[in-house]
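Working through the structure, step by step
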Amino acid sequence: MKNIDWSNIGFGYIKTDLRYVSNYKNGEWDEGCLTEDANITMSECACVLQYAQTCFEGLKAYTTADGKIVCFRPDLNAARMADSCRRMKMPVFPEERFVEAVVKTVEANSEWVPPYGSGASLYLRPYMFGYDSIIGVKPANEFQFRIFATPVGPYFKGGVRPLTLRISDFDRAAPRGTGHIKAGLNYAMSLYAIVDAHEQGYDENVYLDSATRTHIEETGGANIIFVTKDGKLVTPKSDTILPSITRRSLLQVAKDYLGMEVEEREVSLSELDDFSECGLCGTAAVISPVGKIVDHGREICFDIGESGMGNTVKKLYDTLTGIQMGTVTPPEGWVKVIK
Ligand code: PLP
Ligand code: COI
């Protein structure tokens with residue numbers, strides 16, 4: 001294992017040994033390989049540079065309590081990336097090959113998988129982009145699919161602590177747009193809003209539905225969960241949010257492991273006061289407790305217990321991370337053992 005102070009790394013890029021690359025040309029993907037070369041050389045007119053034809057995924061590999069290396073539901077990342085590619089007019093990288101490529105990338109960088117209990121993990125970033133020169137507005141003909149690995153710690157600066165969010169005046173996704181896929185363009189347009197939020201002292205933006213601006217959607221990089229005062233898990237349902245794998249997993253964990261009632265439905269801005277707890281969920285965010293949402297001067301505060309997390313959010317966190325790190329028995333097919 002590499003000699004790194006695993007408990008003190010943040011969510012940043014650390015170059016690891018090998019990354020996976022496959023090229024698409026003349027209508028087919030090549031056999032793919034691992035390479036030491038972390039740089040990409042392309043045309044000045046590459047479609048990704050001119051028209052942002054790119055999408056990506058994010059998943060993590062962990063060291064379990066008994067020393068195995070595993071990753072969490074990579075088949076769902078493969079399926080979501082296929083959806084993103086179809087919407088972006090990019091060729092699908094076959095889903096089984098996606099999972100194989102994840103396994104190869106983790107195996108090749110196994111010394112970079114942080115140890116059990118460190119709080120860190122190996123983040124995998126699969127992505128695809130239009131590679132050949134395109135100047136009229138149309139899809140590329142040639143594409144590259146890659147996966148790199150980088151060890152990461154907590155997504156939010158300062159580790160697990162109650163976050164302060166604000167209701168954003170900017171919108172993230174239009175009805176019938178691309179909010180439900182993981183296209184780079186959804187993140188490009190959020191950069192102005194995130195820099196502004198940080199400058200104003202907020203950790204993240206909560207976006208509303210852009211059609212009516214009355215419903216809660218999600219944040220720039222994570223879905224939102226709420227707990228009602230009578231212990232129900234509620235999460236926004238919308239066609240314009242990213243279908244988070246963490247959120248889908250948490251709904252099942254809440255029902256089957258914690259015996260909770262769960263509701264996936266529209267959540268209106270005006271009902272925030274009815275919730276007792278709030279959290280952000282995602283691969284990078286894991287489950288991050290939310291202490292406060294600020295809506296233009298109106299402050300909605302949530303229970304953050306003594307540990308910085310409300311009781312129910314803590315139970316969800318412990319169960320989900322227990323499943324990921326091998327201390328809680330996973331549902332069939334959730335954990336892929338790599339070595
Ligand atoms: N929402 C957005 C906008 C994201 O970027 C992410 C991160 O992937 C998520 C939600 C969480 O999704 P997942 O749990 O699949 O990582
Ligand atoms: C992830 O959670 O994997 C993401 O891609 C979110 C991003 C904001 C880092």
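Residues numbered from 1 in each chain as written. Chains lettered and ligands numbered in written order. Predicted model: local features only at pLDDT ≥ 70, side-chain atom pairs only at ≥ 80, totals over all residues. Heavy atoms only, no water.

Re the domain arrangement of the chain
Parsing the chain into structural domains produces domain 1 (6-152) and domain 2 (163-325). Between domain 1 and domain 2, the residue contacts involve 24 residues of the former and 23 residues of the latter. Buried area between domain 1 and domain 2, both sides added, is near 1900 Å², and the carbon and sulfur share of it is 65%. Sorting the residues of domain 1 by area buried against domain 2 places Phe 56, Phe 72 and Arg 80 first, and these three jointly supply 32% of that buried surface. (Domains from an automatic or database assignment. Contact = heavy atoms within 4.5 Å. Buried area = accessible area lost by both parts, 1.4 Å probe.)

Concerning the environment of Thr 164
When you line up the elements, Thr 164 lands in strand β9 (residues 163-167). Taking relative accessible area as the criterion, Thr 164 reaches 23% and is therefore assigned partly exposed. Between the C-alpha atom of Thr 164 and that of Arg 247, which follows or precedes it by 83 residues, the distance is 20 Å. Setting aside residues up to four positions removed in sequence, Thr 164 forms contacts with Tyr 202, Asp 203, Glu 204, Lys 292 and Val 294. (Helix = DSSP H or I, 4+ residues; strand = E, 2+ residues; numbered from the N terminus. Buried < 20%, exposed > 50% of the residue type's maximum accessible area, 1.4 Å probe, protein only.)

Some thoughts on the pattern of salt bridges
A side chain of one charge can pair with a side chain of the opposite charge if their charged atoms are brought near each other. Under the definition given, this model contains 17 salt bridges. Taking the shortest distance from any N to any O, the salt bridge between Arg 86 and Asp 83 comes out at 2.9 Å. Of this pair, Arg 86 and Asp 83 both sit in helix α2 (residues 74-87), three residues apart, which is roughly one turn of the helix. A salt bridge links Lys 232 to Glu 263; the nearest nitrogen and oxygen atoms lie 3.3 Å apart. Of the two residues, Lys 232 sits in the loop between β12 (223-228) and β13 (233-236) while Glu 263 sits in strand β14 (residues 262-265), which places them 31 residues apart along the sequence. Residue Glu 263 is classed as partly exposed on the basis of its relative accessible area of 24%. (Salt bridge = Lys/Arg side-chain N within 4 Å of Asp/Glu carboxyl O.)

A short note on the nonpolar core
In terms of nonpolar packing, the biggest core is built from 35 residues, with Phe 98, Val 102, Val 106, Leu 124, Met 128 and Phe 145 touching the most fellow members. When contributions to this core are tallied by element, the ones reaching two or more residues are β1 (19-25), β5 (59-63), β6 (69-72), α2, α3 (95-108), β7 (121-130) and β8 (143-152). Ranked by residues supplied to this core, first place goes to α3 with six residues. Those residues in contact with Met 128 that sit more than four places away from it in its chain are Trp 29, Gln 53, Thr 54, Cys 55, Met 81, Cys 85, Met 90, Pro 91, Phe 93, Phe 143, Gln 144 and Phe 145. (Core = buried A, V, L, I, M, F, W, Y, C linked by side-chain atoms within 4.5 Å.)

Here we look at the packing of helix α6 (residues 245-256) against helix α7 (residues 311-324)
Running from amino to carboxyl end, α6 crosses α7 at an angle of 110°, the nearest separation of the two axes being 10 Å. Considered as vectors, α6 and α7 are oriented roughly perpendicular to each other. Counted together, Thr 246, Ser 249, Leu 250, Val 253 and Ala 254 of α6 and Leu 316, Thr 319, Leu 320 and Ile 323 of α7 form the full contact between these two elements. Along the lines of polarity and charge, the residues of the contact of α6 with α7 split into six nonpolar, three polar and no charged. (Axes fitted to C-alpha atoms, helices over the stretch in contact; angles between N-to-C directions. Parallel < 35°, antiparallel > 145°, perpendicular 65-115°, else oblique. Nonpolar A, V, L, I, M, F, W, Y, C, P; charged D, E, K, R; others polar.)

Regarding the site of ligand 1
Neighbouring residues of ligand 1: 17 residues in total, closest Tyr 187, Glu 218, Ser 244, Thr 246 and Thr 283. Between Tyr 187 and ligand 1, the recorded distance is 2.5 Å, taken from a side-chain N or O atom to an oxygen atom. Take Thr 246: an N or O atom from its side chain is 2.5 Å from an oxygen atom of ligand 1. Contact with the protein chains covers 97% of the free accessible surface of ligand 1, which is 390 Å². Only β11 (216-219), α6 and β15 (275-282) provide two or more residues apiece to the shell around ligand 1. A class-by-class count of the residues in the shell around ligand 1 yields five nonpolar, eight polar and four charged. (Near = heavy atom within 4 Å. Polar contact = N/O pair within 3.5 Å; in protein donor to acceptor, adjacent residues only side chain to side chain. Areas by Shrake-Rupley, 256 points an atom, 1.4 Å probe, with all protein chains shown as cover.)

Notes on the site of ligand 2
In the neighbourhood of ligand 2, the contacting residues comprise Phe 11, Phe 56, Gly 58, Tyr 123, Arg 125, Tyr 155, Lys 182, Gly 221, Thr 283 and Ala 284. The separation between an oxygen atom of ligand 2 and a polar side-chain atom of Arg 125 is 3.5 Å. Lys 182 places a side-chain nitrogen or oxygen 2.8 Å from an oxygen atom of ligand 2. Class assignment of the residues belonging to the shell around ligand 2 gives a composition of five nonpolar, three polar and two charged. Lining the shell around ligand 2 are residues from two domains, each supplying at least three of them: domain 1 (6-152) and domain 2 (163-325).

Focus: α6
Its twelve residues give α6 an end-to-end C-alpha distance of 16 Å, which sits within 8% of 16 Å, the value for a rise of 1.5 Å per residue. The backbone nitrogen of Thr 246 lies 3.2 Å from a side-chain oxygen of the residue at the head of α6, namely Ser 244. (Expected span 1.5 Å × (residues − 1).)

Let's talk about the environment of Leu 165
Secondary-structure assignment places Leu 165 in strand β9. Counting along the chain gives 41 residues from Leu 165 to Val 206, while the straight-line C-alpha distance between them is 6.5 Å. Every residue in contact with Leu 165, bar those within four places of it in the chain, is listed here: Tyr 202, Glu 204, Val 206, Thr 219, Leu 280, Val 290, Lys 292, Ile 293 and Val 294.

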